Amino acid sequence: MSVAAHTTPLLSRVVGYSVAIANNAGRIIRDIMKRGELGIVEKESARDLQTEADRAAQRSIITSLQKCFPKSTIIGEEGEDEVKDLSGQVFDPSSDSSSSISSIACPPQLTTVAEEELVIWVDPLDGTAEYTQGLLDHVTVLIGIASGGKAVGGVIHQPYYNYQNPGAELGRTIWGIVGGSVGGMPIVAPPEGKVIVTTTRSHSSSTVNDAVAAVSPTEVLRVGGAGHKVMLLLEGKAHVYVFASPGCKKWDTCAPQAILEAAGGILTDIKGDPIPYHATVAHRNSTGVLASAAGQDHQAFLAKIPQHVKDNLKA
Ligand SMILES: Nc1ncnc2c1ncn2[C@@H]1O[C@H](COP(=O)(O)O)[C@@H](OP(=O)(O)O)[C@H]1O
Ligand SMILES: [Mg+2]
Ligand SMILES: [Mg+2]
Ligand SMILES: [Mg+2]
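Counting restarts for each chain: residues are numbered from 1 in the order of the written sequence. Following the order in which they are written, the chains are lettered starting with A and the ligands numbered starting with 1. Note on the predicted model: pLDDT of at least 70 is required for a residue's local features to be given, and 80 or more for side-chain atom pairs to be given and counted; whole-chain, interface and lining totals, by contrast, use all residues. Only hydrogens and water are set aside when side-chain values are computed; all heavy atoms of the structure are taken into account.

### Observations regarding the sheet that holds strand 10 (residues 219–222)
Here is step 1 of the chain: The rule for pairing is simple: two strands pair if DSSP sees at least two bridges between them. Counting from the N terminus, the helices are DSSP H or I runs at least four residues long and the strands are E runs at least two residues long. Strand order across the open sheet formed by 5 strands is 10-9-11-13-12, with mixed pairing between neighbours. Looking at the sheet topology across the chains shown, the edges are occupied by strand 10 and strand 12 (266–268). Ignoring which end each strand starts from, the neighbouring axes of this sheet average 20 degrees apart.
Here is step 2 of the chain: This element, helix 7 (residues 226–234), spans strand 9 (196–199), strand 10, strand 11 (240–243), strand 12 and strand 13 (289–292) of the sheet and lies at about 150 degrees to strand 11.
Here is step 3 of the chain: Across the sheet, helix 8 (residues 250–262) touches strand 12 and strand 13, and the angle it forms with strand 12 is around 145 degrees. Every axis corresponds to a line fitted to the C-alpha atoms, with the helix fit spanning only the stretch in contact, and the corresponding angles, defined between N-to-C directions, vary from 0 to 180 degrees. Residue contacts follow a heavy-atom distance rule, with two residues in contact if any of their heavy atoms lie within 4.5 Å.

### Structural notes on the packing of aromatic side chains
In this description, a pair of aromatic rings is defined by centroid distance and the angle of the planes.
Here is step 1 of the chain: Think of it this way: a Phe, Tyr or Trp ring, Trp meaning its six-membered ring, pairs with another when their centres are within 6.5 Å, and the plane angle makes it stacked under 30 degrees, edge-to-face over 60, tilted otherwise. Per the stated rule, a full pass over the model turns up 3 aromatic pairs.
Here is step 2 of the chain: Judged by centre distance (5.9 Å) and plane angle (45 degrees), the ring pair of Tyr 17 and Phe 69 falls under tilted. With Tyr 17 in helix 2 (residues 10–35) and Phe 69 in the loop between helix 3 (52–68) and strand 3 (73–76), the pair connects residues that are 52 residues apart, well separated along the chain.
Here is step 3 of the chain: Ring centres 5.9 Å apart and planes at 75 degrees place the aromatic pair Tyr 160 and Tyr 163 in the edge-to-face group.
Here is step 4 of the chain: When its relative accessible area of 6% is taken as the criterion, Tyr 160 is described as buried.
Here is step 5 of the chain: Charge-over-ring contacts are defined here by two conditions on Lys NZ or Arg CZ: a distance within 6 Å of the ring centre and an angle within 35 degrees of the ring normal. Over the ring of Tyr 161 we find Arg 172; its NZ or CZ atom is 3.8 Å from the centre of that ring. Using a 1.4 Å probe on the protein chains alone, a residue whose accessible area is under 20% of its type maximum counts as buried, one over 50% counts as exposed, and one in between counts as partly exposed.

### Side note on the coordination of the magnesium ion (ligand 4)
Here is step 1 of the chain: Only N, O and S atoms count as donors, using a 2.8 Å cut-off from the metal and 3.2 Å for Na, K and Ca, and because water is excluded some sites may appear unfinished. Distances from the magnesium ion (ligand 4) to its protein donors, Glu 77 (OE), Asp 123 (OD) and Leu 125 (O), fall within 2.1 to 2.2 Å.
Here is step 2 of the chain: Here the donor residues of the magnesium ion (ligand 4) share one chain and are spaced in sequence as E-x45-D-x1-L.
Here is step 3 of the chain: The distance between the magnesium ion (ligand 4) and the magnesium ion (ligand 2) comes to 3.6 Å, with Glu 77 serving as a donor to both metals. Within this pair, whereas Glu 77 is found in the loop between strand 3 and helix 4 (79–84), its partner Asp 123 is found in strand 4 (residues 118–126), the two being separated by 46 residues in sequence.
Here is step 4 of the chain: Using a relative accessible area of 17% as the deciding quantity, one classes Glu 77 as buried.
Here is step 5 of the chain: Its relative accessible area of 0% is what places Asp 123 among the buried residues.

### Some thoughts on the UniProt feature "binding site: Mg(2+)" (unreviewed entry) in the protein
Here is step 1 of the chain: UniProt positions are given in the numbering used here, feature names are shortened, and annotations may be inferred rather than shown by experiment. Feature annotation in UniProt places "binding site: Mg(2+)" (unreviewed entry) on Glu 77, Asp 123, Leu 125, Asp 126 and Asp 252, given in this structure's numbering. In terms of the greatest pairwise C-alpha distance, the residues named above, spread along 176 residues, form a tight cluster of at most 9.6 Å across.
Here is step 2 of the chain: Its place among the elements puts Asp 126 in strand 4.
Here is step 3 of the chain: The buried category is assigned to Asp 126, whose relative accessible area is 5%.
Here is step 4 of the chain: If we ignore the near neighbours within four places in the chain, the residues touching Asp 126 are His 138, Val 139, Thr 140, Leu 142, Gly 225, Ala 226, Gly 227, His 228 and Asp 252.
Here is step 5 of the chain: As for its position among the elements, Asp 252 is in helix 8.
Here is step 6 of the chain: What makes Asp 252 buried here is its relative accessible area of 10%.
Here is step 7 of the chain: Ignoring any residue separated from it by four or fewer positions in sequence, one finds Asp 252 in contact with Asp 123, Asp 126, Leu 142 and Ala 226.
Here is step 8 of the chain: Within the local environment of Asp 252, its side chain forms a polar contact with the backbone nitrogen of Lys 249, the two atoms lying 2.8 Å apart. Side-chain atoms alone can form a polar contact between residues adjacent in sequence; in general such a contact is a pair of N or O atoms within 3.5 Å, and within protein one must be able to donate a hydrogen while the other accepts it.

### Comments concerning the site of ligand 1
Here is step 1 of the chain: When we say a residue is near a molecule or strand, we mean one of its heavy atoms is within 4 Å of it. Close to ligand 1 lie 19 residues, the nearest being Gly 127, Thr 200, His 203, Gly 225 and Lys 229.
Here is step 2 of the chain: Between ligand 1 and the protein, one listed contact pairs an oxygen atom with a side-chain N or O atom of Glu 77 at 3.1 Å.
Here is step 3 of the chain: Within the side chain of Asp 123, one N or O atom sits 3.0 Å away from an oxygen atom of ligand 1.
Here is step 4 of the chain: Put simply, the parts of the chain that give the shell around ligand 1 at least two residues each are strand 4 and helix 7.

Shown next, in the form of structure tokens:
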């Protein structure tokens, strides 16, 4: 472990190590796709799939995080078996130069956060439906860090970024700490005079579509993954992410929310209430998600969501 690891705040260390751990999970996801044996199973429904990549990536992330931060609570999407299974290949994040943590700024109010206060929400593969359909750049690995019920830090790794540009570096990783710093990609403002809305591609409903129409979009980007959609907000390709559905879970939103807020954006439920991230909360974001890029009028978007949409999403 480097000297910096002992002198930097715990939260910066968790985020820095999560960068390396997420990059390693991305390698696992690419390897499984290359082998072509996806081992697809249905979870709660045919719209809720799990592949060997979801399972193997989660085993690796949880095993590695547990080893580095044994006193924190870690909650992963892929259920009890994968969480208790610590047989994943242990990856030592301090061996990876991508976990250079000295540049990850932590604001004063978060420098004293203790390991046992952290709740780490892990989505080992966000955008599973798109992964199985070959829409590979929709896939992300999400590691979100909460303290006091709030999303305070996060990592989004996009393992297939640039996969259609041979010769360019494959994959990218974005990280952030709320009130601290954001890194890994330039933050770009979306174009003025347009309202580009991003929403689900594979989990639509009439309520989802009513909410999208209500914000009067000039364009709608239907893409996979909560992580991918928040990346579109960060890189100036969309103004707002509207998802009036109870389908997203805490592991889908914790990391994207922390990074978006670190970059000046806002993520709430569809009514404008904050999403809680304590260890004991229900996993489902039953009142939907609305996220806006930095500089956008979040309240104005919320005000356009029709009452019948809000009424359909009960806590
Ligand atoms: N109706 C639904 N049923 C199950 N999962 C849903 C869902 N709606 C959204 N989700 C989950 O929320 C995440 C983002 O969804 P979408 O891509 O449709 O915007 C996906 O995460 P995973 O791919 O990690 O499971 C997806 O499974
Ligand atoms: Mg899933
Ligand atoms: Mg997900
Ligand atoms: Mg997932």
